[in-house]
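Summary of the model geometry
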Amino acid sequence: ISDTDQWKALQAHVGAIHKTHLRDLMADADRCKAMTAEFEGIYLDYARQQATTETIDKLFKLAEAAKLKEKIEKMFNGDKINSTENRSVLHVALRAPRDAVIHSDGVNVVPEVWAVIDKIKQFSETFRSGSWVGATGKPLTNVVSVGIGGSFLGPLFVHTALQTDPEAAESAKGRQLRFLANVDPVDVARSIKGLDPETTLVVIVSKTFTTAETMLNARTIKEWIVSSLGPQAVSKHMIAVSTNLKLVKEFGIDPNNAFGFWDWVGGRYSVCSAVGVLPLSLQYGFPIVQKFLEGASSIDNHFRTSSFEKNLPVLLGLLSVWNVSFLGYPARAILPYSQALEKLAPHIQQLSMESNGKGVSIDGVRLPYEAGEIDFGEPGTNGQHSFYQLIHQGRVIPCDFIGVIKSQQPVYLKGETVSNHDELMSNFFAQPDALAYGKTPEQLRSENVSENLIPHKTFQGNRPSLSFLLSSLSAYEIGQLLAIYEHRIAVQGFIWGINSFDQWGVELGKSLASQVRKQLHASRMEGKPVEGFNPSSASLLARY
């Protein structure tokens, strides 16, 4: 893509942008109005990007050169766009309407998806009604979902966002959902603290049922159940999300209580499969989770059919490419002004950095430009008291500000100037302007700031951000937000010409860990010395 005229035109355009300041760009009312887009009550304002309408036009031309429309269609059509693993990429099928037709290998996968959804609906209703009982005849009210990476970060984000939604909270009364991901035994202790095996159901999430960390945690939790209730309790207290029915059965789980998913779902894109839908339905009931799926589906449709000028994921993806590859900003801060979205940034970290953290093109050629970005974030206003100092006066980091018009938990105190939510949102509106406009030495002098403090109190400004305003934060909007980020990340990968759907970078560490595991076993069980490692690793292992 970097050999195209469209890429070179953007490179040449950077100089013109460096001559501008957001202070001046923001004075242009027509530009500000043009740099907005809206879909179903989600309002995007990207006027505070270091860009003009000309920049956006050039980015649309780049999208054309990269065949973006074609690549989006290929994804929805089930083409094997994950070429290194020879797989379709069809997380959109997980939330498609029942009558949709989406093919992989010539087969419409939608009926298969709905067969699993119907099974989850039925199981969750049986479970929640109290007619599914544990080994001692008691109904189960606690769920521990055991899985790592995509099997945990996405579902945890959705769970955390739903916890304080009034409708979802009402449905979850008297129930607990916990996640166990890390192989660290401390995480096991935390996830079962205060729980009684008698009233606990454990969901083991592993496609192959071989993931090292997850299966060790599964055996550890199984031991906790068996030691309290006996070996026959496993089938009553453990279920699985897996496609390996043979290993599920050997583990002691009834294969009828295994919920499948498919090779065309990558882990980090799997929250809308049984991986997320099962534990979330057990906690909140299927009707709430269905609204979440419908929200994601609405964005899928918008992404596929809307013109680029109005297409939220496309606009966001192109702006990220502009910031990373042309303006040279390697990071992006995700700043939701909503505590309910506190687990959004950790999920997007994986979604983005595992998808686009690549150094070669889809054809295996070393990239001559930077791709991928460092994602991090924290809810506002907590982040303001943490890392905003660097964003305001240190490095330039483009920011995503996410605000919600209607609070999940409104509070109005008598005698206060504004409600608690308005206090929060005052910061949501102020911070992007502070970043864009900054504060000049002249302004400081007019405020009689002493000369020696002026350099310290000067804000350069001209720091890009964009703002999302959501009407509310129910299950539907949470689904929309998830899908916007999923597709935005795909757009970036499609432009960069990389494979956003494999993750070979996670393999090497895993294979080296197996050598260490063998050494630890040999040293502990047979007293063997540490051998075959470099001097640094050998001395660290010996000390351990």
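All figures in this text were calculated on a predicted structure; none of them were measured in a lab. (Residues numbered from 1 in each chain as written. Predicted model: local features only at pLDDT ≥ 70, side-chain atom pairs only at ≥ 80, totals over all residues. Heavy atoms only, no water.)

A separate point is the overall build of the protein. Each helix and strand counted, the protein has 23 helices and 13 strands in total. By the compact-globule yardstick of 24 Å for 544 residues, the protein fits well, its C-alpha radius of gyration being 25 Å. On the principal axes, the C-alpha backbone points of the protein span a range of 75 × 65 × 55 Å. The burial tally for the protein puts 53% of its 544 residues in the buried class. When the accessible area of the protein is evaluated, it comes to approximately 24100 Å², of which 53% is carbon and sulfur surface. (Helix = DSSP H or I, 4+ residues; strand = E, 2+ residues; numbered from the N terminus. Rg over C-alpha atoms; globule rule 2.2 N^0.38 Å. Buried < 20%, exposed > 50% of the residue type's maximum accessible area, 1.4 Å probe, protein only. Areas by Shrake-Rupley, 256 points an atom, 1.4 Å probe, with all protein chains shown as cover.)

Pairing is mixed in the open sheet, where six strands are placed in the order β1-β2-β13-β12-β10-β11. In this open sheet, the two strands that pair with only one neighbour each are β1 (36-39) and β11 (374-377). The mean angle between the axes of side-by-side strands here comes to 15 degrees, regardless of whether they run parallel or antiparallel. Looking at chain direction, strand β10 (residues 331-336) and strand β12 (residues 399-404) are connected through four bridges and run parallel. (Pairing = 2+ DSSP bridges. Axes fitted to C-alpha atoms, helices over the stretch in contact; angles between N-to-C directions.)

This paragraph deals with the pattern of salt bridges. Taken as a whole, this structure holds 25 salt bridges when the rule is applied. Each of E85, R87, K207 and D263 takes part in salt bridges that share partners, so that together they form one network. (Salt bridge = Lys/Arg side-chain N within 4 Å of Asp/Glu carboxyl O.)

Let's shift gears to the domain arrangement of the protein. Under the domain assignment, the protein is made up of domain 1 (5-66 + 306-496), domain 2 (91-285) and domain 3 (504-543). Its C-alpha centre places domain 1 at a distance of 43 Å from the equivalent point of domain 3. (Domains from an automatic or database assignment.)

Cis geometry is found at the peptide bond from G380 to T381, where omega equals 10 degrees. Here T381 is to be found in the loop between β11 and α17 (388-393). In this structure, D105 is a non-glycine residue whose phi angle is positive, near 55 degrees. Of note, D105 is situated in the loop between β3 (103-104) and β4 (107-108). Taking relative accessible area as the criterion, D105 reaches 60% and is therefore assigned exposed. In this structure, N448 is a non-glycine residue whose phi angle is positive, near 60 degrees.

For the rest of this paragraph, the subject is the environment of K236. Mapped onto the secondary structure, K236 falls in helix α11 (residues 234-237). Given a relative accessible area of 37%, K236 falls into the partly exposed group. The spatial distance from the C-alpha of K236 to the C-alpha of L140 is 9.7 Å, given a sequence separation of 96 residues. Apart from residues no more than four positions distant in its own chain, K236 is found in contact with W132, V133, G134, A135, L140 and L201. (Contact = heavy atoms within 4.5 Å.)

A word on the packing of aromatic side chains. One pass over the structure, following the stated rule, counts 18 aromatic pairs. Their ring planes at 45 degrees and their centres at 5.6 Å tell us that F387 and Y388 sit as a pair that is tilted. Using a relative accessible area of 3% as the deciding quantity, one classes Y388 as buried. In this structure an aromatic cluster arises from ring pairing among W7, W322, F326 and Y369. Against the face of W132 rests K236, its NZ or CZ located 5.9 Å from the ring centre. (Phe/Tyr/Trp six-rings, centres within 6.5 Å; stacked < 30°, edge-to-face > 60°. Lys NZ or Arg CZ within 6 Å of the ring centre and 35° of its normal.)

Walk down a regular strand and you will see the side chains alternate between the two sheet faces. When you tally the buried positions in strand β6 (residues 176-180), you get four out of five residues, the bulk of the element. Relative to β6, strand β5 (residues 142-146) runs parallel, the two being bridged by five bridges. Residue V146 lies in a different strand from β6, and its bridge partner there is L180.

Before going further, it helps to examine the side chain of N217. Structurally, N217 can be placed in helix α10 (residues 212-229). On the accessibility criterion, N217 (1% relative accessible area) is buried. Within the local environment of N217, its side chain forms a polar contact with the backbone oxygen of A181, the two atoms lying 3.4 Å apart. The contacts of N217, once residues within four sequence positions are left out, are V146, L180, A181, N182, V183 and V188. (Polar contact = N/O pair within 3.5 Å; in protein donor to acceptor, adjacent residues only side chain to side chain.)

At their nearest, the axes of helix α1 (residues 5-18) and helix α15 (residues 312-326) sit 11 Å apart, and the two run at 75 degrees to each other. One way to sum up the angle between α1 and α15 is to call them roughly perpendicular. Residue-level contacts link W7, L10, Q11, H13, V14 and I17 of α1 to W322, S325 and F326 of α15. Looking at the contact of α1 with α15, its residues break down into six nonpolar, three polar and no charged. (Parallel < 35°, antiparallel > 145°, perpendicular 65-115°, else oblique. Nonpolar A, V, L, I, M, F, W, Y, C, P; charged D, E, K, R; others polar.)

Two packed helices can be described by the angle between their axes and the distance between those axes. Direction vectors running N to C along helix α7 (residues 153-162) and helix α16 (residues 344-356) enclose 155 degrees, while the axes themselves pass 8 Å from each other. Classed by the angle they form, the pair α7 and α16 counts as roughly antiparallel. Seen from above, α7 lies across α16 with left-handed handedness. Here L153, G154 and F157 of α7 come into contact with α16, specifically with L344, P346, H347 and Q350. Considering only residue class, the contact of α7 with α16 consists of four nonpolar, three polar and no charged. (Left-handed = near helix turned anticlockwise from the far one by under 90°.)

Turning our attention to helix α21 (residues 475-496). When the terminal C-alpha atoms of α21 are compared, their 32 Å separation across 22 residues agrees well with the 32 Å that a helix rising 1.5 Å per residue should span. Within α21, 21 of the 22 residues are buried, which leaves the element mostly enclosed by the surrounding structure. Just downstream of α21, G497 is the residue with a positive phi angle, here 75 degrees. (Expected span 1.5 Å × (residues − 1).)

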